[in-house]
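Given next are the chains, with one letter for each unit.
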Amino acid sequence: MRTEKLDGLEIKLVRTMPVDQLGAIYKDAGWWQDNYKISDEFLRRIPEQSALFAGAFLEKKIIGMGRALSDLCSDAYIQDIAVLSAYRKFGIGTLIVTFLIQELKRRGVDWIGLIGEPGTRSFYEKIGFRQMKDHIPFKLE
């Protein structure tokens, strides 16, 4: 990892996040478009209602994020791992995922899963995730 170029980088759990910065990360990741009309209240609830919400901060500005949905006793799903494009390829995403895994395990969570976007398989495999054999992800339509 090349995080040495990012002196002062801090990964920490938070419950609140400036909605403009959070929205900027989702938009930068290509997950939300301007026409979605996402309210500030909706954005405020994301870190508040996630079991764990980790932010990557550089000089008090959020440059990356990730969260876990969980009962915090047995199972968890990691999702929304995103780093602003200007800060990618420094290992920040790996630090966020690793941080979330450590925090979940510290709380006794022993099953951690995720659904990765196309093209992210090698990223998650380097961290230790493996494709689940004989399982198919489903989404309610």
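The shown structure was predicted, so the numbers you read here are calculated from the model rather than taken from an experiment.

Trainee: Let's hear about the overall build of the protein chain: which residues, and what values?
Mentor: When helices and strands are counted, the protein chain shows four helices and five strands. Reading the protein chain from its N terminus to its C terminus gives the helix and strand order β-α-α-β-β-β-α-β-α. Relative to the globule expectation of 14 Å for 141 residues, the C-alpha radius of gyration of the protein chain, 15 Å, shows essentially globular dimensions. Based on the C-alpha atoms only, the size of the protein chain along its principal axes is roughly 40 × 40 × 30 Å. Across the 141 residues of the protein chain, 37% fall into the buried class. Within the protein chain, contacts between residues at least 6 apart in sequence are counted, and of these 62% link residues at least 24 apart.

Trainee: I'd like to hear about the nonpolar core, residue by residue, with values.
Mentor: Formed by 39 residues in total, the largest nonpolar core has its most connected members in L22, M65, I78, I92, I96 and L104. Of all the secondary-structure elements, those providing two or more residues to this core are helix 1 (19–28), helix 2 (40–49), strand 2 (52–58), strand 3 (61–70), strand 4 (75–83) and helix 3 (92–106). Element by element, the count of residues in this core is highest for helix 3, at seven residues.

Trainee: I'd like a rundown of the pattern of salt bridges, residues and numbers included.
Mentor: Summed over all chains, the structure comprises six salt bridges. Close ionic contact of R121 with E125 constitutes a salt bridge, the shortest N to O distance being 2.9 Å. Placement of the pair is R121 and E125 together in helix 4 (residues 121–127), with a separation of four residues, close to one helical turn. Residue class for R121 comes out exposed when judged on its relative accessible area of 52%. What emerges from the salt-bridge pattern is a single network uniting E103, R106 and R107.

Trainee: Could you give me a rundown of the pairing of strand 4, with the residues and numbers involved?
Mentor: For strand 3 and strand 4, the ladder comprises six bridges, and the chain directions are antiparallel. Counterpart to S70 in the pairing with strand 4 is A76. Connecting strand 3 to the antiparallel partner strand 4 that follows it, the hairpin turn spans four residues, and L72 within it adopts a positive phi of roughly 60°. For the crossover from strand 4 across helix 3 to strand 5 (residues 111–114), the handedness is right-handed.

Trainee: Would you mind going over the layout of surface pockets in detail, with residue names and values included?
Mentor: The method is simple in principle: a probe with the dimensions of a water molecule rolls over the atoms, and the space it marks as empty is what remains. Approximately 1700 Å³ is the volume attributed to the largest pocket. As for the largest pocket, its lining consists of 43 residues, and the residues nearest its centre are L114, I115, G116, T120 and Y124. Counting only elements with at least two residues in the lining of the largest pocket, the list comes to strand 4, helix 3, strand 5 and helix 4. Ranked by residues supplied to the lining of the largest pocket, first place goes to strand 4 with seven residues. Of the residues belonging to the lining of the largest pocket, the class tally is 22 nonpolar, eleven polar and ten charged.

The rules behind each value
Residues numbered from 1 in each chain as written. Predicted model: local features only at pLDDT ≥ 70, side-chain atom pairs only at ≥ 80, totals over all residues. Heavy atoms only, no water. Helix = DSSP H or I, 4+ residues; strand = E, 2+ residues; numbered from the N terminus. Rg over C-alpha atoms; globule rule 2.2 N^0.38 Å. Buried < 20%, exposed > 50% of the residue type's maximum accessible area, 1.4 Å probe, protein only. Contact = heavy atoms within 4.5 Å. Core = buried A, V, L, I, M, F, W, Y, C linked by side-chain atoms within 4.5 Å. Salt bridge = Lys/Arg side-chain N within 4 Å of Asp/Glu carboxyl O. Pairing = 2+ DSSP bridges. Right-handed = clockwise from strand over helix to strand, strands pointing away. 1 Å grid on protein atoms, 1.4 Å probe; cavity = no way out; pocket = protein on both sides within 12 Å on 5 of 7 lines; lining within 4 Å. Points joined across faces, edges and corners; volume = space filled by probe spheres on them. Nonpolar A, V, L, I, M, F, W, Y, C, P; charged D, E, K, R; others polar.

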